[in-house]
There are 2 protein chains.
Amino acid sequence: MLKKKYTIADIAFMAGVSKGTVDRVIHKRGKVSKKAHEKITKILKEIDYQPNLVARNLKKNKIYRLLVLIPDPEKDAYWAPCVEGIETAAGEFQAFGVMIETFLFDPSATKSFISKSKEVLKNKPDGVVFVPLFYKEALTFVESCKKNNVTLATFNSYLSADNTRSFIGQDLHRSGRVAGKLMHMLLGNKKQAAVVHMDEAYKNAIHMQEKEKGFRDYFEGLKQGYDIVTHKVPHKDIKNVRKSVKDFLKDNPGISGIFVTTSKAYLLAEALPQTGPAVSVVGYDLIDKNIECLRSGSIDFLIHQNPKQQAYLGVSYLSEYFAFDKKIPDNKLLPIDIITSENYMHYLE
Amino acid sequence: MLKKKYTIADIAFMAGVSKGTVDRVIHKRGKVSKKAHEKITKILKEIDYQPNLVARNLKKNKIYRLLVLIPDPEKDAYWAPCVEGIETAAGEFQAFGVMIETFLFDPSATKSFISKSKEVLKNKPDGVVFVPLFYKEALTFVESCKKNNVTLATFNSYLSADNTRSFIGQDLHRSGRVAGKLMHMLLGNKKQAAVVHMDEAYKNAIHMQEKEKGFRDYFEGLKQGYDIVTHKVPHKDIKNVRKSVKDFLKDNPGISGIFVTTSKAYLLAEALPQTGPAVSVVGYDLIDKNIECLRSGSIDFLIHQNPKQQAYLGVSYLSEYFAFDKKIPDNKLLPIDIITSENYMHYLE
DNA sequence: TTGTAGGCGTTATCAT
DNA sequence: ATGATAACGCCTACAA
């Protein structure tokens, strides 16, 4: 019934050799006679030998140092769930000899990333999980890591020029299409909508463009003469959103729906006029203020990028690699979750 | 820097006792003097001792038998992803001494469940993950398992009378509300919608009722005079859906949206008249035929119950319990995923 | 080229 | 009540 798991000792006995020889065959270390090699390989195949990962790891007995480098949640609440995800993973893997530590950088300051990434390297990590927010600097960092034999995983932002590491994130173009689909439904028989980019000082530029492209592609595919206009709330105007939005709506009175390409949809929702025809809003990310707007009805849909899961998976992949020799998946695209006032709660954990 | 992990030997040395004594304290086996006990407990707290799970497991060296009992995907395609989820988990945990086997029953035949569940017990499992489709019979099975000291987890269907096992699934009432919200948006300024129950021969009765209740609750909360009618396609008419649906629409010409409470929305979508005013459809589950309808536009939204993840988690929870002594969560409500033609692909894995 | 011995951290047993 | 010791399966070092 419960067929006992074969051990190296079993195989050695069957082949009439010693454990050491079997081990040499398994690990292809050579120094084995042809005869013994053939015999052992045959047996290995026959019984479909699976090494006991637990025992293998017990012997290794090394503590791996896994460092995580992400934007500071204090500067942008979007990142707060990442910390949770990291801590969850840390709790799960510390028992398996993986020690995880988090470093935070200021997402609005490239310099902060540079200095923190140097600090990370100084700590001699075995692996690093990080968010490559700044393209050029991220590439430099990747190079340094390679030189130091540091295993890498990235999440949230895609570093297209380098495909040597694992990436966990979303298909942004596709998420723009999803926003398009939702907006399409919200518009009913109206035909005019807007894309609004509201970013902070740091560069989400590529992100926002990809999303807009997806959004527009969706409507173009419909071939029904939709009119999509783009508006960018300037960096410095982020404090004067109300005015910027009012002016924009005055200039484009026919707009019945707005797609905000960042997590700042709540700023826009708050700035919308209370009177006049309702304007539908689709935005990103389950931060508290956005959820409030979802509940009050001033935001219709949010797209969830699942930052917690992204961070959790990044850390888990590397941890499992260290602890259990598991292969690291190179690309993991998370689903594009659609959130309304009725289903947000289960995504908050 | 890398502060070494403390072992039982370290603690024994610090406390000036032997490893055996430390072990007795950790496992509360008694037979330890008050003095030694205090000293050791204090040290354990101070250093926040974390046992090495790998070593612990190595010592245990037992192969656990975990059996899974689910409906046969051949009889209902909804269950196919569960098999994948189970196989994924099986692959992950076999290296840790958990052997997983699946048993299938016919979801349309209570007898099949009874006989298969008996077969499962005959195999002397250490743990069982199963879908309690048939309420009474499931309770009986739970009792037998308890008697035989079999650890249990259930998924998909909630066994309210018994809260001694782990459950993974969805909040059905809430998912009805989500459907309500989506329908609300799809209706635009129309005011009449329908709930259609299309089940097969077996009893989804409780499921369908919960979903309908949530759906109606949502619209009642709006206080805007929506008119919701219910229609049930009789068991035997499942082959004559077209006629049943046509008659229903003829009797209720004002209906602009239909909520199908089972995975059979495609049957309804195919039966809708091609001419006349469009009817919006919201249904459940990412089975192939439903996805086809999503893509062609005859279904607007699907709610994803994530059967693969449900099965995967059920198996994982028990496996981790056996392999690593992890606590089993008692209740895991999965998010209610909203699916459109634009985002279904990432949910198929 | 091959075999043997010892150790990884935990736990169970047996003797003290 | 306590300590010494062997074992789990794998791997490495060293001896033959």
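Residues numbered from 1 in each chain as written. Chains lettered and ligands numbered in written order. Predicted model: local features only at pLDDT ≥ 70, side-chain atom pairs only at ≥ 80, totals over all residues. Heavy atoms only, no water.

The name given to chain A in an unreviewed UniProt entry is LacI family DNA-binding transcriptional regulator, with the source organism recorded as Sinomicrobium pectinilyticum.

Trainee: Looking at this model, I keep getting lost on helix α12 (residues 288-296) of chain B. Mind explaining?
Mentor: Because the α-helix completes a turn every 3.6 residues, residues three or four places apart line up on one side. Residues and elements named next belong to chain B. Listed in full, the buried residues belonging to α12 are Asn290, Ile291, Cys293 and Leu294. Each buried residue of α12 lies within a common arc of 160 degrees when the element is viewed along its axis, so the set occupies one face. What points out from α12, more than 90 degrees from its buried face, is the exposed set Asp288, Glu292, Arg295 and Ser296. Downstream of α12 by one or two residues, Gly297 has phi in the positive range, about 95 degrees. (Buried < 20%, exposed > 50% of the residue type's maximum accessible area, 1.4 Å probe, protein only. Helix = DSSP H or I, 4+ residues; strand = E, 2+ residues; numbered from the N terminus. Arc of directions from axis to C-beta.)

Trainee: What is the right way to look at the interface of chain B and chain A in this model?
Mentor: Interface size is commonly expressed as the accessible area that is lost once the parts come together. With 47 residues of chain B in contact, the opposing surface of chain A contributes 48 residues. Where chain B meets chain A, there are 6 salt bridges. Here Arg174 of chain B makes a salt bridge to Glu342 of chain A, at a shortest N to O gap of 2.6 Å. Across the contact surface, chain B and chain A share 12 residue pairs in polar contact (both at pLDDT 80 or more). Listed by contribution, the elements that provide at least two residues to the side of chain B that touches chain A are α4 (53-60), α8 (172-187), β11 (331-333) and β12 (337-339) of chain B. Here the side of chain B that touches chain A gets 7 residues from one element, more than from any other, and that element is α8 of chain B. Here the residues of the side of chain B that touches chain A are counted per class, giving 24 nonpolar, 9 polar and 14 charged. (Contact = heavy atoms within 4.5 Å. Salt bridge = Lys/Arg side-chain N within 4 Å of Asp/Glu carboxyl O. Polar contact = N/O pair within 3.5 Å; in protein donor to acceptor, adjacent residues only side chain to side chain. Nonpolar A, V, L, I, M, F, W, Y, C, P; charged D, E, K, R; others polar.)

Trainee: Looking at this structure, I do not really get the domain arrangement of chain A. What am I missing?
Mentor: Taken domain by domain, chain A holds domain 1 (8-51), domain 2 (59-169 + 307-333) and domain 3 (172-304). Computed over C-alpha atoms, the centres of domain 1 of chain A and domain 3 of chain A are 64 Å apart. (Domains from an automatic or database assignment.)

Trainee: Looking at this structure, how should I read the protein's contact with DNA strand C?
Mentor: Around DNA strand C, the surrounding shell holds 23 residues, and the nearest of these are Ser33 of chain A together with Ile8, Arg29, Tyr49 and Arg56 of chain B. A share of 65% is what sugar and phosphate atoms reach among the atoms of DNA strand C within 4 Å of the protein. In this structure, Thr21 of chain A approaches DNA strand C through a side-chain N or O atom, which is 2.9 Å from a phosphate oxygen. Contributions of two or more residues to the surface near DNA strand C are made by α2 (19-26) and α4 (53-60) of chain A together with α2 (19-26) and α4 of chain B. (Near = heavy atom within 4 Å.)

Trainee: Can you help me understand the sheet that holds strand β8 (residues 257-260) of chain B in this one?
Mentor: The strands that make up a sheet are held in pairs by hydrogen bonds between backbone atoms, and each pair lies either parallel or antiparallel. Residue and element names in this part refer to chain B. Spatially, β7-β6-β8-β9-β10-β12 is the arrangement adopted by the 6 strands of the open sheet, whose pairing is mixed. Pairing within the sheet leaves two strands with one partner each, and these edge strands are β7 (227-233) and β12. Mean inter-strand twist for the sheet, computed between neighbouring axes without regard to direction, equals 20 degrees. The pairing of strand β10 (residues 301-304) with β12 spans 3 bridges and is antiparallel. The residue bridging Leu302 from the neighbouring strand is Ile339, located in β12. (Pairing = 2+ DSSP bridges. Axes fitted to C-alpha atoms, helices over the stretch in contact; angles between N-to-C directions.)

Trainee: What should I look at first to understand the environment of Ile299 of chain A in this one?
Mentor: Residue and element names in this part refer to chain A. The topology assignment puts Ile299 in the loop between α12 (288-296) and β10 (301-304). With 31 residues separating them in the primary sequence, Ile299 and Leu268 have C-alpha atoms 9.3 Å apart. Not counting residues up to four positions away in its chain, the partners in contact with Ile299 are Ala265, Tyr266, Ala269, Val281, Asn290, Cys293 and Leu294.

Trainee: Hey, could you run me through the packing of aromatic side chains in this one?
Mentor: Geometrically, a pair of aromatic rings is defined through the distance of the ring centres and the angle of the planes. In the structure shown here, the tally under the stated rule is 32 aromatic pairs over all chains. One aromatic cluster in this structure is built from Phe215, Tyr218, Phe219, Tyr226, Phe259 and Tyr284 of chain A. Its guanidinium or amino end placed over the ring of Tyr64 of chain B, Lys62 of chain B lies 5.2 Å from that ring's centre, counting from NZ or CZ. (Phe/Tyr/Trp six-rings, centres within 6.5 Å; stacked < 30°, edge-to-face > 60°. Lys NZ or Arg CZ within 6 Å of the ring centre and 35° of its normal.)

Trainee: Quick question: what am I supposed to make of unusual backbone geometry here?
Mentor: With glycine set apart, most residues show a phi of negative sign, and most peptide bonds adopt trans. In this structure, Lys31 of chain A takes a positive phi of about 60 degrees despite not being glycine. Counting through the fold element by element, Lys31 of chain A comes out in the loop between α2 and α3 (34-47).

Trainee: What is the right way to read the pattern of salt bridges from this model?
Mentor: Should their charged atoms come close, side chains of opposite charge can pair. Tallying each qualifying case throughout the model produces 27 salt bridges over all chains. With a closest N to O distance of 3.7 Å, Lys75 of chain A and Asp106 of chain A form a salt bridge. Here Lys75 of chain A is found in the loop between β1 (64-71) and α5 (80-93), whereas its partner Asp106 of chain A is found in the loop between β2 (98-105) and α6 (110-122), with 31 residues between them in sequence. The closest approach of N and O atoms between Glu320 of chain B and Lys326 of chain B, which form a salt bridge, is 3.7 Å. Overlapping salt bridges bring together Glu92 of chain A together with Glu320 and Lys326 of chain B as one network.

Trainee: When you look at the protein's contact with DNA strand D in this model, what are you seeing that I'm missing?
Mentor: Around DNA strand D there are 25 residues in total, and Arg29, Tyr49 and Arg56 of chain A together with Ser33 and Lys59 of chain B lie nearest to it. In DNA strand D, atoms within 4 Å of the protein come from the sugar-phosphate backbone in 67% of cases. Arg29 of chain A is positioned with one of its side-chain polar atoms (N or O) 2.7 Å from a phosphate oxygen of DNA strand D. One of the backbone nitrogen or oxygen atoms of Asn52 of chain A is found 3.1 Å away from a phosphate oxygen of DNA strand D. By residue number, the principal contributor to the surface near DNA strand D is α4 of chain A, which donates 4 residues. By residue class, the composition of the surface near DNA strand D is 8 nonpolar, 8 polar and 9 charged.

Trainee: Hey, could you run me through α4 of chain B in this one?
Mentor: By the burial criterion, the buried members of α4 of chain B are Leu53, Val54 and Asn57 of chain B. The arc that holds every buried residue of α4 of chain B, seen down its axis, measures 100 degrees, which confines them to one face. On its buried side, α4 of chain B packs onto α4 of chain A together with α13 (307-324) of chain B. Where α4 of chain B begins, one side-chain oxygen reaches toward the backbone nitrogen of Ala55 of chain B, 3.1 Å away; that side chain belongs to Asn52 of chain B. Directly after α4 of chain B, the chain includes Asn61 of chain B, whose backbone phi takes a positive value near 50 degrees.

Trainee: Hey, could you run me through the relation of the copies chain B and chain A in this one?
Mentor: A rotation about some axis, followed by a shift along it, carries one copy of the chain onto the other. You can overlay chain B on chain A at an RMSD of 0.4 Å; the transform is a turn of 179 degrees with a shift of 0.1 Å along its axis. Here the copies are linked by what is in effect a two-fold axis. Counting the interface residues of chain B, we find that 100% of their copies in chain A are interface residues as well, pointing to one common contact surface. (Least-squares fit on C-alpha atoms with pLDDT ≥ 70 in both.)

Trainee: Looking at this structure, I do not really get the pairing of strand β4 (residues 151-155) of chain B. What am I missing?
Mentor: Along a regular strand, successive side chains alternate from one face of the sheet to the other. Residues and elements named next belong to chain B. Of all 5 residues making up β4, 5 are buried, and the element is well covered by its neighbours. Inspection of the sheet shows strand β3 (residues 127-130) paired to β4 by 4 bridges, in the parallel sense. Bridge pairing links Val128 to Leu152 in β4. This β-α-β element, β3 to helix α7 (residues 135-147) to β4, shows right-handed connectivity. Across 3 bridges, β4 lies against strand β5 (residues 166-169) in parallel orientation. Paired with Phe155 across the two strands is Ile168, which belongs to β5. (Right-handed = clockwise from strand over helix to strand, strands pointing away.)

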